[in-house]
Each structure stands twice: as structure tokens, then as C-alpha cells.
Amino acid sequence: MTNTLDRQPASIGGERMHESVIVTVNRKPIVVPRGATVAVAVALAESPCRRSVSGEPRGPLCGMGICFECRVTVDGRPHRRGCQILCRSGMEVSVDD
Ligand code: FES
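The paragraphs below set out a description of the structure included in this document. All values reported here derive from a predicted model rather than from experimental measurement.

### Side note on the overall build of the chain
- If you tally the helices and strands in the chain, you get two helices and nine strands.
- For the chain, with 97 residues in total, the buried portion stands at 25%.
- Taking the contacts inside the chain whose residues are at least 6 apart along the sequence as the reference set, 31% of them involve residues at least 24 apart.

### A look at unusual backbone geometry
- One non-glycine residue, Asn26, adopts positive backbone phi at about 50°.
- Mapped onto the elements of the fold, Asn26 is located in the loop between strand E3 (20-25) and strand E4 (28-33).
- Positive phi values are uncommon outside glycine, yet Arg27 reaches one of about 70°.
- You can see Arg27 is positioned in the loop between E3 and E4.

### Remarks on the nonpolar core
- In this structure, Val38, Ala41, Val42, Val72 and Val93 are the most contacted members of the largest nonpolar core, which totals 20 residues.
- Among the elements of the structure, E3, E4, helix H2 (38-44), strand E7 (71-74) and strand E9 (92-95) are those that each provide at least two residues to this core.
- If sequence neighbours within four positions are ignored, Ala41 has contacts with Val23, Val25, Ile30, Val32, Ala36, Cys87 and Val93.

### Brief notes about the environment of Gly65
- With respect to the helices, strands and loops of the structure, Gly65 is situated in the loop between strand E6 (57-58) and E7.
- Exposure remark for Gly65: the 11 C-beta atoms within 10 Å place this residue in the exposed category.
- For the pair formed by Gly65 and Arg80, sequence separation is 15 residues and the distance between their alpha carbons is 10.0 Å.

### What about the sheet that holds E9?
- Ordered in space as E4-E3-E9-E7-E8, the five strands form an open sheet in which the pairing is mixed. In this open sheet, the two strands that pair with only one neighbour each are E4 and strand E8 (77-81). For this sheet the average axis-to-axis angle between neighbouring strands, irrespective of direction, equals 40°.
- Across three bridges, the pairing between E7 and E9 is antiparallel. Across the sheet, residue Val72 finds its bridge partner in E9, namely Val95.

Calculation notes
- Residues numbered from 1 in each chain as written.
- Predicted model: local features only at pLDDT ≥ 70, side-chain atom pairs only at ≥ 80, totals over all residues.
- Helix = DSSP H or I, 4+ residues; strand = E, 2+ residues; numbered from the N terminus.
- Buried ≥ 20, exposed ≤ 12 C-beta atoms within 10 Å, placed from the backbone.
- Contact = placed C-beta atoms within 7 Å.
- Core = buried A, V, L, I, M, F, W, Y, C linked by C-beta atoms within 7 Å.
- Pairing = 2+ DSSP bridges.
- Axes fitted to C-alpha atoms, helices over the stretch in contact; angles between N-to-C directions.

In C-alpha cells form, the structure reads like this:
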């Protein structure tokens, strides 16, 4: 018997997850799976999301929109929670300094 799940790619909003999108993080192109969050793209870019007031690198902690440690600038809009935003092709992400 064939498992139909093996033949059907997972999807979010009707879009297949195995497809990729390209975003830029600090002007560096990053390829992420469709359905990945901005926090994932920042991690793949090996960049912190921001710096604390004492200069410590900060990154995602809760992954569910509570801690605000994943704040980045997305398409010119500062202080966006990277863990709550799905990547779109052409999206420009920069870390908040
Ligand atoms: S990781 Fe906590 S709000 Fe994004």
C-alpha cells in the first residue's frame, strides 16, 4: 500500500514547502525553503538579529512572538519579529544595530 503522504509535498497556504525563495540578509543572498521564517534566514546568514545595549549578539529565544529577541528590519520596517514573518522572494532583511 502506498502512503499518499509520501507523494504529496507538505504545504503552507497551498504553496509547496520544498520550493525555495531567495531573500537578502544584510545584502547577502540567502536561499531558504518556502515557508521558512525570517529568523531562519538570519540564522542561515550566520548573523545575530540584533545587539543588546551592552553589545551582546541576540537571536531568537522563544520562536513564538513573545520575547522580541528576534527583532530585525524587514523591507525597511524596523523592529519586526523575525520568528513571526514568513520569507518572501526578494525580501530585504537587515539586523537592527
Ligand atoms: S524568537 Fe521570541 S519573539 Fe521571535
